[in-house]
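Residue-level structural notes
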Amino acid sequence: MEHSIKIKAHDFGFCYGKNRVLSGINIDIADHAITAIIGPSGCGKSTFLRAFNRMNDLLPNTSVEGKVTIDGINIYDHSMDMVALRKRVGMVFQRPNPFPKSIYENVAYGPRLHSRYSKQEMDMIVENSLKKAALWDEVKHKLKSNALELSGGQQQRLCIARVLAVDSEIILMDEPASALDPISTQKIEDLVDTLKKTYTIIIVTHNMQQAARVSQKTAFLLTEEIGRPATLIEYGDTNRIFTNPVDKRTENYITGRFG
């Protein structure tokens, strides 16, 4: 099945001060699919992921080259509304980061920032978001409980529900299961697989098996030498990348010869 293109990076580069960490990246990211970004530690995977909702802008002394478009619109244009962008492009971090509030208030927080809702409308948003995040049945009797009392896996699904509650179209996931046990990891992977029918998902993972299991497309980033920026070595269908990579460096990384 061919997917339409949701996001394009064109000659994208990124610098911290004078230190260029990414250079010359060209990639087309498919809509309603999961794209995995793999590569050795420290090669700029998370930096590249955060380029899609401009989270890197929050860091001092950074600059970008090239452009990133979503539905044809350059998100690095000066006229871009950051609040609107981060509503469209949600982020799930490596460690669950629920607010120290009730489960209900965690999910309701985002929608309240963007609009006014009646209690009935908000109740529906919270319920639907928790259902989409495969958490409703586990928490529907304790919505007023503190979210920090949930298990790590439940907290991460709550963070996903928070993203879904503001009607994001794109979900960025930075190693969303790396802090979780195998059963919780399986639940997150099952959930991500379900969500791809409705959302565009980009996931950074160190776990080769996870990338192979969950994604339809895989991008391999690599820093060739210390002090040099990372570049995109290979990008394509996950099945082909893992079984028949074009570039020897991809094969070496996937088979564990380096990285």
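Above this note sits the structure.
The sections below set out a description of the structure shown in this document. (Residues numbered from 1 in each chain as written. Predicted model: local features only at pLDDT ≥ 70, side-chain atom pairs only at ≥ 80, totals over all residues. Heavy atoms only, no water.)

What follows is about the overall build of the chain. Secondary structure assignment for the chain yields 10 helices and 10 strands. The C-alpha atoms of the chain give 19 Å as radius of gyration, which agrees with the globular expectation for 259 residues (18 Å, within 12%). Overall size of the chain, expressed as C-alpha extent along the three principal axes, is 55 × 40 × 35 Å. Looking at the chain residue by residue over its 259 residues, the buried ones come to 49%. A separation of at least 24 residues holds for 68% of the contacts in the chain among residues at least 6 apart in sequence. A gap of 3 Å separates the mean positions of the 33 positive and 30 negative side-chain charges of the chain. (Helix = DSSP H or I, 4+ residues; strand = E, 2+ residues; numbered from the N terminus. Rg over C-alpha atoms; globule rule 2.2 N^0.38 Å. Buried < 20%, exposed > 50% of the residue type's maximum accessible area, 1.4 Å probe, protein only. Contact = heavy atoms within 4.5 Å. Lys, Arg positive; Asp, Glu negative; His and termini not counted. Charge placed at Lys NZ, Arg CZ, Asp CG, Glu CD.)

This part takes up the nonpolar core. By size, the foremost hydrophobic cluster in this structure holds 45 residues, and its most contacted members are Leu130, Ile160 and Ile171. Element by element, the count of residues in this core is highest for helix H6 (residues 152-165), at 6 residues. With sequence-adjacent residues up to four places away left out, Ile171 is seen in contact with Gly90, Val92, Val163, Leu164, Leu195, Tyr199, Thr200, Ile201 and Ile202. If you look at the next biggest cluster of nonpolar residues, it comprises 29 residues, including Phe12, Ala51, Tyr76 and Leu172. (Core = buried A, V, L, I, M, F, W, Y, C linked by side-chain atoms within 4.5 Å.)

All right, on to the packing of helix H3 (residues 103-114) against helix H4 (residues 119-132) then. Between H3 and H4, the shortest axis-to-axis distance is 9 Å and the interhelical angle comes to 110°. Classed by the angle they form, the pair H3 and H4 counts as roughly perpendicular. The interaxial crossing formed by H3 with H4 has right-handed handedness. The residues of H4 that touch H3, namely those facing Ile103, Tyr104, Val107, Ala108, Pro111 and Arg112, are Lys119, Met122, Asp123, Ile125, Val126, Ser129 and Leu130. Classifying every residue of the contact of H3 with H4 by side-chain character gives 9 nonpolar, 1 polar and 3 charged. (Axes fitted to C-alpha atoms, helices over the stretch in contact; angles between N-to-C directions. Parallel < 35°, antiparallel > 145°, perpendicular 65-115°, else oblique. Left-handed = near helix turned anticlockwise from the far one by under 90°. Nonpolar A, V, L, I, M, F, W, Y, C, P; charged D, E, K, R; others polar.)

Another aspect to go through is the packing of H3 against H6. Contact geometry for H3 and H6: axes closest at 7 Å, N-to-C directions at 30°. Relative to H6, H3 is oriented roughly parallel. When the axes of H3 and H6 are compared, the crossing they make is right-handed. For the pair H3 and H6, contact is made by Ile103, Asn106, Val107 and Pro111 and by Leu158, Ala161, Arg162 and Ala165, respectively.

Glancing now at the sheet that holds strand S1 (residues 5-16). Here we have 4 strands laid out as an open sheet, ordered S2-S1-S4-S5, and antiparallel in their pairing. Since the sheet does not close on itself, it has two edges, and those belong to strand S2 (19-30) and strand S5 (73-74), each with one partner. As judged from the 8 bridges shared by S1 and strand S4 (residues 62-70), these two strands associate in the antiparallel manner. Each residue of the ladder has a partner; that of Tyr16, found in S4, is Thr62. (Pairing = 2+ DSSP bridges.)

Assignment of secondary structure puts Phe242 in helix H9 (residues 238-243). Sequence spacing of Phe242 and Leu221 is 21 residues, and the spatial spacing of their C-alpha atoms is 14 Å. Apart from residues lying up to four places away in sequence, Phe242 is in contact with Ile38, Met208, Ala211, Ala212, Thr218 and Ile254.

The subject of this paragraph is the environment of Ser102. Within the element layout of this structure, Ser102 appears in the loop between strand S6 (89-92) and H3. Among the residues examined, Ser102 registers a relative accessible area of 15% and is labelled buried. Along the primary structure Ser102 and Glu149 are separated by 47 residues, whereas in three dimensions their C-alpha atoms are 9.5 Å apart. With sequence-adjacent residues up to four places away left out, Ser102 is seen in contact with Leu143, Lys144, Ser145, Asn146 and Ala147.

Time to look at the side chain of Asp31. Here Asp31 shows up in the loop between S2 and strand S3 (34-38). Buried and without a salt bridge, Asp31 has Lys6 as its closest oppositely charged side chain, separated by 4.8 Å. Within polar-contact distance, the side chain of Asp31 engages the side chain of Thr200 at 2.5 Å. Look past the residues within four positions of Asp31 in its chain and what remains in contact with it is His3, Ser4, Ile5, Lys6 and Thr200. (Salt bridge = Lys/Arg side-chain N within 4 Å of Asp/Glu carboxyl O. Polar contact = N/O pair within 3.5 Å; in protein donor to acceptor, adjacent residues only side chain to side chain.)

We now examine the sheet that holds strand S8 (residues 200-204). Reading across from one edge, S6-S7-S8-S3-S9-S10 is the order of the 6 strands in this open sheet, with mixed pairing throughout. In the strand order of this sheet, the two ends are held by S6 and strand S10 (231-237), each with one partner. Each strand of the sheet is rotated relative to its neighbour by a mean of 15°, with strand direction disregarded. H6 contacts S6 and strand S7 (170-174) of the sheet and is inclined by roughly 170° relative to S6.

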